[in-house]
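# Geometric and topological summary
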Amino acid sequence: MKLKIAWIGKTKAAAIQALTEEYVKRLGHYAEVEGLALKDESSLLKLCEAGARPARHTLVLLDGRGRQLSSEEFAKWLGDHQGRSSSPLLFAIGAADGFSEEARRAASLVLSLGKMTLAHELARVVLLEQIYRAFTILKGHPYHLGH
């Protein structure tokens, strides 16, 4: 499975960058994964257009108005996608002002990390940890049970 975790804007905090790198490294045991800083939303949408190269991505947007899933439900969704599609998954965290309706329509899933508002850089780390947790659930690794 191929994954891209994209965020709009530059990373300001060294701690966020370090945690991003740590979880991307951990995820590398389960999937081909890439962290990607994008300039703006239009750069994100280009990755999801028909005919995009190297491949069209399946878009998952992080948005407070999105669907809330438990870690187990998210793992099932990820496993189902892995079983039914070869398209790379593109998880996207927007800028502070969120995503446009166009981006929301382009998404296969609009996902919320919860009802509380998170800084977008912190949301990236939480998302990465939850993707890692989902793979450990799917593989029967004890990480999920110990946390």
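In this text the structure is predicted, and so the values were computed from the model without any measurement. (Residues numbered from 1 in each chain as written. Predicted model: local features only at pLDDT ≥ 70, side-chain atom pairs only at ≥ 80, totals over all residues. Heavy atoms only, no water.)

Checked against the element boundaries, L111 lands in strand β5 (residues 109–112). Given the relative accessible area of 5%, L111 is considered buried. Considering only alpha carbons, one finds L111 and K4, 107 residues apart in sequence, at a separation of 15 Å. (Helix = DSSP H or I, 4+ residues; strand = E, 2+ residues; numbered from the N terminus. Buried < 20%, exposed > 50% of the residue type's maximum accessible area, 1.4 Å probe, protein only.)

Attention shifts here to helix α3 (residues 71–84). Relative to the 20 Å expected for 14 residues at 1.5 Å per residue, α3 spans 20 Å between its end C-alpha atoms, a close match to the ideal helical length. S71, F74, A75, W77, L78 and H81 are the residues of α3 that are buried. Mapping the buried residues of α3 onto a view down its axis gives an arc of 160°, with all of them on the same face. Pointing more than 90 degrees away from the buried face of α3 are the exposed residues K76, G83 and R84. (Expected span 1.5 Å × (residues − 1). Arc of directions from axis to C-beta.)

Between α3 and helix α5 (residues 120–139), the least distance of the axes is 8 Å, while the angle of their chain directions is 75°. Judged by the angle between their axes, α3 and α5 are roughly perpendicular. Note on element contacts: α5 touches α3 through Q130, I131, R133, A134, F135, I137 and L138, opposite S71, E72, F74, A75, L78, G79 and Q82. The residue inventory of the contact of α3 with α5, partitioned by class, reads 8 nonpolar, 4 polar and 2 charged. (Axes fitted to C-alpha atoms, helices over the stretch in contact; angles between N-to-C directions. Parallel < 35°, antiparallel > 145°, perpendicular 65-115°, else oblique. Contact = heavy atoms within 4.5 Å. Nonpolar A, V, L, I, M, F, W, Y, C, P; charged D, E, K, R; others polar.)

What follows covers the pattern of salt bridges. Where side chains of opposite charge bring their charged atoms close, a pairing between them can arise. The final tally for this structure, using the stated rule, is 8 salt bridges. For E34, the salt bridge is made with K4, and the minimal N-O distance between the two is 3.9 Å. Taken together, the residues span a long stretch of sequence, with E34 in strand β2 (residues 32–38) and K4 in strand β1 (residues 2–8) at a distance of 30 residues. Take E34: its relative accessible area is 36%, and that puts it in the partly exposed class. For K4, a relative accessible area of 15% corresponds to the buried category. Ionic pairing is found between E101 and R65, a salt bridge with its closest N-O pair at 4.0 Å. With E101 in helix α4 (residues 101–106) and R65 in strand β3 (residues 58–68), the pair connects residues that are 36 residues apart, well separated along the chain. Its relative accessible area of 55% is what places R65 among the exposed residues. (Salt bridge = Lys/Arg side-chain N within 4 Å of Asp/Glu carboxyl O.)

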